[in-house]
Amino acid sequence: MEKLKVHLRLMKSFPKIYGVLLFGVSIFMIYFGYLIFLGMASFDVLGFSSRVNYIFCAILMVTSYLLLTGANNSQQDESINSLDKMNYSYQKNIYVILLIMIIIINLIMACVLIIHDWHNTYFLTHFLQPYLYNLLIPQVICLSIVFILSLFKNHVMHIVMLIIFIFMTSSFSEISWPIKPSFPTDKIYQFIHLPFELFYQNGEWGTDVMYGYQCELSRLWIFIMWGILLLSLYFIKMNWRPLNQSNIYKWGYKILLVLTVGSCFMIYLPESKYRINDAWDGYFYDIRKDRNLTEIKDEKINYKISEYDLTVSTKRMLGVEGKLHLESSIPRKDFILTLYQKYDLKELKSDKNMTYQRKGDYIYIQFDQPISQIDLNIEYKGYHPIFYSNTQATMLPGYFSWYPMCGEKQIFITYEIKQLDGYDTTEFGYNTLNHIDNAKITLHTDKDYITNLTKKSEHVYQGTSDSISLFDGYIESADYQNIISYLPLNGTLQSKKQYLKDIEDNYLEELEKIEKIFDVSMEKYRAKKIINVTGDISRNTNIGETAIFDDYIISSYMNIRSSILCGIVESSPKKTLLTYAMKWCPVQDNLEKYYQNLINSISNGDNNIDQIKKINAIVDKLGTKRFLHELYEYMFDDTPADDEMFLERMESL
């Protein structure tokens, strides 16, 4: 205890350094308190604190380095060592003092978060891992790095290594290549940078409330690697001490260095990660690759997969193996399946002679003899930059070909809304029209998921549906009316019951308005189940806010009121100026006001004047209610997607 008092007094002999450290701590705590004061939910406070944790750690490293090397620089360490006859006593004790300070600060912050969101039991049981990953563990590692460096006498090396570490862990080092380089410079840099990803990455983007705060397996191994490496360096330094005869240090550092290499290997194993960056092969890969205008196809094929029996796991990435029952109404030799190109096809075989060739998202199968039905055994693994699948979370909507679909499905579509007078609008996103023929589906999974299928037993889901959707992460199952899932960390301070009631009420109110405006029945939509998911399912695109299937709907809480009509419009293959205007025109109770808003959406100032005059003349003749009813029917009838032809037909009524 006496020695600790000596070290504390020595620490106070550097008041400027001590003051800067306290200033950094104070600013961090004030920022944290300000977020609480703004009324943010605790999970959001944790997110914003994670983004600024790097700044706090940089201040911590610089000030603690000056404190830990201060005795050495002022030649006071010799007297300290003679006092307790132990090498590096000062550094060890100051390290312990700073470590205790960090732990106390984090305990206070954690308690504040718990008290602030005490009613949210889900947060209380799930906040520890993201808190440790994004706040406490990086702080401890940064402080420990400084402590280990302070044991070595080469101060020039200290400074160089600190500068490199501080830069490589900063947001300035998050460099991406929007265009694929001719030489794999990007891959080399990513290989070097990966061990330094201690902090939350790409913090300029809002956090996906369903995915959470990047608590992947690779990040855990980064922490483990740094911990073992620092411990091995400590053992090396202890082994260098004069007259040291301990075999613990002699053999310990060798074992630890081997473990460091092993943990480093684990970091580089491929893994699905949700990172919104500008890399050519990352988040915007499909957007850039498929930005050419797309002609929306209405594909007609005479074969289908009538049964899926799949075993699905999401550890580091999606892994699927199982059996598909392929049927054709007319015997044929050739079949086409769609499976996203970044899923590595390991096996595809049957009991008949066959060959297959893969080109992009499509698998072309050729049999020696015509067949009408056959079982295919398939195995594949991989991941998508947006539709993630790992131990932390899973987002695999039914319209995305993470499972085989028959025919040449258009995974990503881009189309233009042609206007009559100069202004064209581009719509792009993942194609929510991709469905399969109703099939018998059985999934054997490695854990519980939110899905459109029925849970039959532990990790077994079955059903007949036109798609397969799979979700996991910060999402919980719900049994409230038609709602089968909800996001417990969506930022609201409402109770679960009120939260679910609002979703259901908003949905039903919107259906009533659509019935009133368009004079159509929404009864089939009232029977659909609702999978409430994150808004990131359509982030940075303008298609896919709501996806409508035969027996369920995928939508986010924030969009369920405003985008149910949007989803209904998108479920029509007709992409015209009139349907585009309907998509972005909010539904309301007043028929005339809705019609006027629709006209304003079409007009774009002085554009399309002739078309608007024609519409107004039709409305004067038929009435607003009749015209809007016909407009709704136009979206789903068998007539061509041609607004002029539709208006001519309306004029003839």
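Residues numbered from 1 in each chain as written. Predicted model: local features only at pLDDT ≥ 70, side-chain atom pairs only at ≥ 80, totals over all residues. Heavy atoms only, no water.

### Describing helix H20 (residues 643-652)
Here is step 1: Where H20 is concerned, the buried positions are Asp643, Phe646, Leu647 and Met650. Burial along H20 is one-sided: seen end-on, the buried residues are contained in an arc of 95°.
Here is step 2: Along its buried surface, H20 packs onto helix H16 (577-583), helix H18 (609-622) and helix H19 (624-636).
Here is step 3: Capping of H20 at its N-terminal end is provided by Asp642; its side-chain oxygen lies 3.0 Å from the backbone amide nitrogen of Glu644. (Buried < 20%, exposed > 50% of the residue type's maximum accessible area, 1.4 Å probe, protein only. Helix = DSSP H or I, 4+ residues; strand = E, 2+ residues; numbered from the N terminus. Arc of directions from axis to C-beta. Contact = heavy atoms within 4.5 Å. Polar contact = N/O pair within 3.5 Å; in protein donor to acceptor, adjacent residues only side chain to side chain.)

### Overview of empty space enclosed by the protein
Here is step 1: Applying the stated criterion to the full structure yields four cavities of 30 Å³ or more.
Here is step 2: Taken as a whole, the largest cavity spans an internal volume of roughly 100 Å³.
Here is step 3: For the lining of the largest cavity, the residue count by class is five nonpolar, six polar and three charged.
Here is step 4: Here the second largest cavity defines a volume of roughly 60 Å³.
Here is step 5: Along its surface, the second largest cavity is lined by Tyr415, Ile417, Glu427, Val569, Glu570, Lys574, Lys575, Thr576, Thr579, Tyr580 and Lys583. (1 Å grid on protein atoms, 1.4 Å probe; cavity = no way out; pocket = protein on both sides within 12 Å on 5 of 7 lines; lining within 4 Å. Points joined across faces, edges and corners; volume = space filled by probe spheres on them. Nonpolar A, V, L, I, M, F, W, Y, C, P; charged D, E, K, R; others polar.)

### Side note on the packing of H19 against H20
Here is step 1: In the contact formed by H19 and H20, the axes pass within 12 Å of each other and the chain directions differ by 140°. What the angle tells us is that H19 and H20 run oblique. Where H19 crosses over H20, the handedness of that crossing is right-handed. Here Phe627, Glu630, Leu631 and Tyr634 of H19 lie close against H20, whose contacting residues are Asp643, Phe646, Leu647, Arg649 and Met650. (Axes fitted to C-alpha atoms, helices over the stretch in contact; angles between N-to-C directions. Parallel < 35°, antiparallel > 145°, perpendicular 65-115°, else oblique. Left-handed = near helix turned anticlockwise from the far one by under 90°.)

### Section: the environment of Pro130
Here is step 1: Looking at the secondary structure, you find Pro130 in helix H7 (residues 128-151).
Here is step 2: If near-sequence neighbours (up to four positions away) are discounted, Pro130 is found in contact with Phe43, Leu46, Leu135, Tyr213, Cys215 and Tyr474.

### Structural notes on the pairing of strand E13 (residues 460-465)
Here is step 1: Bridge analysis of strand E10 (residues 439-445) against E13 gives six bridges, and the strand direction is antiparallel. When the bridges of E13 are listed, Leu443 appears paired with Tyr461.
Here is step 2: Of the strand pairs in this sheet, strand E12 (residues 454-457) and E13 are connected by three bridges, and their pairing is antiparallel. Paired with Ser457 across the two strands is Val460, which belongs to E13.
Here is step 3: Count of turn residues in the E12/E13 antiparallel hairpin: two residues, of which His459 carries a positive phi of about 65°. (Pairing = 2+ DSSP bridges.)

### Side note on the sheet that holds strand E14 (residues 470-472)
Here is step 1: The sheet built from three strands is open, its strands ordered E6-E14-E11 with antiparallel pairing. Of all the strands in the sheet, just strand E6 (394-396) and strand E11 (450-451) have a single pairing partner and so form its edges.
Here is step 2: Of the pairings in the sheet, the one linking E11 to E14 comprises two bridges and is antiparallel in character. Paired with Ile450 across the strands is Phe471, a residue of E14.

### Let's talk about the packing of H7 against helix H8 (residues 155-168)
Here is step 1: Contact pair H7 / H8: the axes reach a minimum separation of 10 Å and the direction vectors enclose 165°. When the axes of H7 and H8 are compared, the pair comes out roughly antiparallel. Of the two possible hands of crossing, H7 and H8 adopt the one that is right-handed. The segment H7 lies against H8, with Cys142, Ile145, Val146, Leu149 and Ser150 engaging His158, Met161, Leu162 and Phe165.
Here is step 2: Along the lines of polarity and charge, the residues of the contact of H7 with H8 split into seven nonpolar, two polar and no charged.

### What about the pattern of salt bridges?
Here is step 1: If you walk through the whole model with that rule in mind, you get 18 salt bridges.
Here is step 2: Here Glu515 makes a salt bridge to Arg526, at a shortest N to O gap of 2.9 Å. You can see Glu515 sitting in helix H13 (residues 496-518) and its partner Arg526 sitting in helix H14 (residues 523-526), a full 11 residues away along the chain.
Here is step 3: One salt bridge in this structure joins Lys614 and Glu644, with 3.1 Å as the shortest N-O distance. A residue pair is termed long-range when its members are at least 10 positions apart, and Lys614 in helix H18 and Glu644 in helix H20 qualify at 30 residues.
Here is step 4: Taken together, the salt bridges that share partners define one network made up of Glu427, Glu570 and Lys583. (Salt bridge = Lys/Arg side-chain N within 4 Å of Asp/Glu carboxyl O.)

### Considering the packing of aromatic side chains
Here is step 1: Counted according to the given criterion, the structure contains 41 aromatic pairs.
Here is step 2: With a centroid separation of 5.1 Å and 85° between ring planes, the pair formed by Tyr303 and Phe335 is classed as edge-to-face. Of the two residues, Tyr303 is situated in strand E1 (residues 303-314) and Phe335 in strand E2 (residues 318-338); the sequence distance between them amounts to 32 residues. Per residue, the accessibility class of Tyr303 equals that of Phe335, and both read buried. (Phe/Tyr/Trp six-rings, centres within 6.5 Å; stacked < 30°, edge-to-face > 60°.)

### Focus: the nonpolar core
Here is step 1: Core analysis: the biggest nonpolar cluster contains 152 residues, and Tyr308, Leu376, Trp402 and Phe471 have the highest contact counts within it.
Here is step 2: Those residues in contact with Trp402 that sit more than four places away from it in its chain are Val312, Leu318, Val320, Leu339, Tyr343, Tyr380, Leu396, Pro397, Ile468 and Leu470. (Core = buried A, V, L, I, M, F, W, Y, C linked by side-chain atoms within 4.5 Å.)

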